[in-house]
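Fold and geometry: a report
This is what each chain is made of:
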Amino acid sequence: MRKFLVQAALLLALSPFAPGDEELMKNALAQWEQQIREWRAAVSQAEGEREKEKARAGRPDGTEIAAALWKAVGANSFREEWACPAVVWWLERPGLFEQTVPAEERKKAVGALWKSVEEVHYQNPLIAGACAALSRSADVRVYRVLEKIYAANPDDRAKGCAALALAFFLNKTNVFSEAEWGGDEMKKARRVFYVREALLKAADAPFGESTVGELAEEEIYRLRHLSEGSMAPAITVIDGSGRAASLPLRGRASVLFFCTPDDEESVAVLKRSAVFQTQYPESAFCPVVYAPNRDEAERRMALCGIACDFFLDADGEAARVYRVDRAPAVALVSANRRLLYFGAPDLNFQTRLDDCKREMTRQKEAAARESGEEEPPPVEKQAPPGLRPMPRFD
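Description of the structure in this document. (Residues numbered from 1 in each chain as written. Predicted model: local features only at pLDDT ≥ 70, side-chain atom pairs only at ≥ 80, totals over all residues. Heavy atoms only, no water.)

**Details of the overall build of the protein**
What the protein contains, in helices and strands, is 18 helices and nine strands. Relative to its full complement of 394 residues, the protein shows a buried share of 40%. Taking as baseline every contact in the protein between residues at least 6 positions apart, the subset at least 24 positions apart corresponds to 65%. Accessible surface computed for the protein: about 23400 Å², of which carbon and sulfur atoms make up 53%. (Helix = DSSP H or I, 4+ residues; strand = E, 2+ residues; numbered from the N terminus. Buried < 20%, exposed > 50% of the residue type's maximum accessible area, 1.4 Å probe, protein only. Contact = heavy atoms within 4.5 Å. Areas by Shrake-Rupley, 256 points an atom, 1.4 Å probe, with all protein chains shown as cover.)

Given below as structure tokens:
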């Protein structure tokens, strides 16, 4: 009997659903902090760009810490208040969580992790540390959790971090339907509100690799210049003759396609530029290519079998103005320079482009009617009048 009890206790200790060990958790997280401090010191002390790159590449991957943390805090302990630091650590590193937790236990562990946040840790001030990671999601469930943190957490820093994460969330498409968002204007109003709240409550709080204040200022720029309906920023690029040109074009709808000649997705779109102009003749297709110089851009494009006109963004300033994080990106700008769409060249862009085409056709037809230039509808030829057949009275 005693041997059985010892074996049962041993199995329970090794189980991921066993009671957690707070001290082991603290030791693992302290070891992680020490590793990060040493790595940052090595980067700051490195001399020369090559040495710094080498030092940056040596960033701890957290594999050993993840194993120790999973041993210290199993899924059955996620709901404990003292386990919040471990929960935050896992939320910031979902890849390590998936790598560390055995496949047969992963589904239950993920469920336990999220339930602990939704039901317990959303009120803990430490949850502020996970808001940056949560903001990268596109899951409605995550959005609801951030709303709970903002509404119910007693700590201003946690509220401010959640507010900024909510503002980032609202900048995404295909998360909620237009009806749930309340339309574009309501979505923009919410973004403005949450950015303001973030600045007021937690401007100096860390948020990922930056601070709430720095990222909120960047979000204000995007709201002011890169949100739909705003006046599109003007950029200066180099045209085919080597002269400076200003985009977007005046008096004509413009599609600014930010790309590089090395990116497969960019190449696929550039190869269809002629088809684009045939389908949408009312919109000017303006590829803005990032390359050191025109010769290099043309050489790379020729290797990919591309032959089309483009504008050169040699110093990357045009991409910075439009905050292009990764190529390709596209901006659809109306003839009066209002931004109609900014984002990836996906189905959402296609929909906006088709809407723009229909609207321009409608405006053109309305202008023709007002000026009297509209062609009258064709008159059907009628047979000459003759005798009508006698009605029958049966």
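**Section: the packing of aromatic side chains**
Evaluated as defined, the whole model comprises 17 aromatic pairs. Relative to Phe 97, the ring of Phe 78 lies with its centre 6.4 Å away and its plane at 45°, an arrangement referred to as tilted. Pair noted here: Phe 78 is in the loop between α4 (63-72) and α5 (84-92) and Phe 97 is in helix α6 (residues 94-100), with a separation of 19 residues, a long-range link. Each member of the pair, Phe 78 as well as Phe 97, is classed as buried. (Phe/Tyr/Trp six-rings, centres within 6.5 Å; stacked < 30°, edge-to-face > 60°.)

**Some thoughts on the pattern of salt bridges**
The final tally for this structure, using the stated rule, is 24 salt bridges. Notably, a salt bridge pairs Glu 296 with Arg 299, separated by 2.7 Å at the nearest N-O pair. Within this pair, Glu 296 and its partner Arg 299 are both found in helix α16 (residues 294-303), separated by three residues, close to a single helical turn. What you see here is one network of salt bridges that share partners, running through Glu 218, Arg 222, Arg 323 and Asp 325. (Salt bridge = Lys/Arg side-chain N within 4 Å of Asp/Glu carboxyl O.)

**Re the pairing of strand β3 (residues 235-238)**
Going residue by residue along β3, you find Ile 235 and Val 237 tucked away on one face and Thr 236 and Ile 238 left uncovered on the opposite face. Pairing geometry for β3 and strand β4 (residues 244-247), over four bridges, is antiparallel. Each residue of the ladder has a partner; that of Ile 235, found in β4, is Leu 247. Linking β3 back to β4 in an antiparallel pair, the connection comprises five residues, with Gly 242 at a positive phi of about 85°. (Pairing = 2+ DSSP bridges.)

**What to know about the nonpolar core**
Counting 62 residues, the largest nonpolar core has Phe 78, Trp 89, Trp 90, Leu 146, Ile 149 and Phe 207 as the members making the most contacts within it. Ranked by the residues each element gives to this core, the list is headed by helix α10 (residues 156-169), at 10 residues. Not counting the four nearest positions on each side in its chain, Leu 146 is found in contact with Cys 131, Leu 134, Ala 162, Ala 165, Leu 166 and Phe 169. Among the nonpolar cores identified, the runner-up in size contains 23 residues, and Leu 270, Val 289, Ala 297 and Ile 306 belong to it. (Core = buried A, V, L, I, M, F, W, Y, C linked by side-chain atoms within 4.5 Å.)

**A look at the side chain of Ser 254**
In this structure, Ser 254 sits in strand β5 (residues 253-259). On the basis of relative accessibility, which here comes to 0%, the residue Ser 254 falls in the buried class. In terms of polar contacts, Ser 254 uses its side chain to reach the backbone carbonyl oxygen of Arg 252, at 3.3 Å. Beyond its immediate sequence surroundings of up to four residues, Ser 254 is in contact with Pro 248, Leu 249, Ala 284, Ala 331, Leu 332 and Val 333. (Polar contact = N/O pair within 3.5 Å; in protein donor to acceptor, adjacent residues only side chain to side chain.)

**Remarks on the layout of surface pockets**
Empty space among the atoms can be located by rolling a probe the size of a water molecule over them. Of the volumes computed, that of the second largest pocket is approximately 910 Å³. Residue lining of the second largest pocket: 27 residues in total, with Glu 33, Val 88, Glu 92, Arg 93 and Gly 129 positioned closest to the centre. For the lining of the second largest pocket, the elements supplying multiple residues, two or more each, are α2 (22-45), α5, α8 (131-134), α10 and β1 (206-207). By residue number, the principal contributor to the lining of the second largest pocket is α2, which donates five residues. Grouping the constituent residues of the lining of the second largest pocket by class yields 16 nonpolar, two polar and nine charged. (1 Å grid on protein atoms, 1.4 Å probe; cavity = no way out; pocket = protein on both sides within 12 Å on 5 of 7 lines; lining within 4 Å. Points joined across faces, edges and corners; volume = space filled by probe spheres on them. Nonpolar A, V, L, I, M, F, W, Y, C, P; charged D, E, K, R; others polar.)

**What about α5?**
Among the nine residues that make up α5, seven are buried, leaving the element largely enclosed by the rest of the structure. Those residues of α5 that fall on the buried side of the exposure criterion are Cys 84, Ala 86, Val 87, Val 88, Trp 89, Trp 90 and Leu 91.

**Description of unusual backbone geometry**
Note the cis peptide between Leu 247 and Pro 248, where omega equals 0°. Turning to its location among the elements, Pro 248 is positioned in the loop between β4 and β5. Cis geometry marks the peptide bond from Ala 327 to Pro 328, where omega comes out at 0°. Summarising the element assignment, Pro 328 is placed in the loop between α17 (317-321) and β8 (329-333).

**As for the packing of α2 against α4**
Two numbers describe how α2 lies on α4: the axes approach to 8 Å, and their chain directions differ by 165°. The orientation of α2 with respect to α4, classified from their angle, is roughly antiparallel. By crossing handedness, the relation of α2 to α4 is classed as left-handed. Contacts between α2 and α4 pair Leu 24, Met 25, Ala 28, Leu 29, Gln 31, Trp 32 and Gln 35 from the former with Ile 65, Ala 68, Leu 69 and Ala 72 from the latter. A class-by-class count of the residues in the contact of α2 with α4 yields nine nonpolar, two polar and no charged. (Axes fitted to C-alpha atoms, helices over the stretch in contact; angles between N-to-C directions. Parallel < 35°, antiparallel > 145°, perpendicular 65-115°, else oblique. Left-handed = near helix turned anticlockwise from the far one by under 90°.)

**Some points on the environment of Ala 138**
Checked against the element boundaries, Ala 138 lands in the loop between α8 and α9 (140-152). As for Ala 138 and Lys 172, which are separated by 34 residues in sequence, their C-alpha atoms are 7.6 Å apart.

**Topic: α4**
For α4, the set of buried residues is Ile 65, Ala 66, Leu 69, Trp 70 and Ala 72. Projected onto a plane normal to the axis of α4, the buried residues spread over an arc of 160° and lie on a single side. Looking at α4, the residues exposed on the side facing more than 90 degrees away from the buried face are Glu 64 and Lys 71. Close packing links the buried residues of α4 with α2, α5, α6 and α7 (103-119). (Arc of directions from axis to C-beta.)

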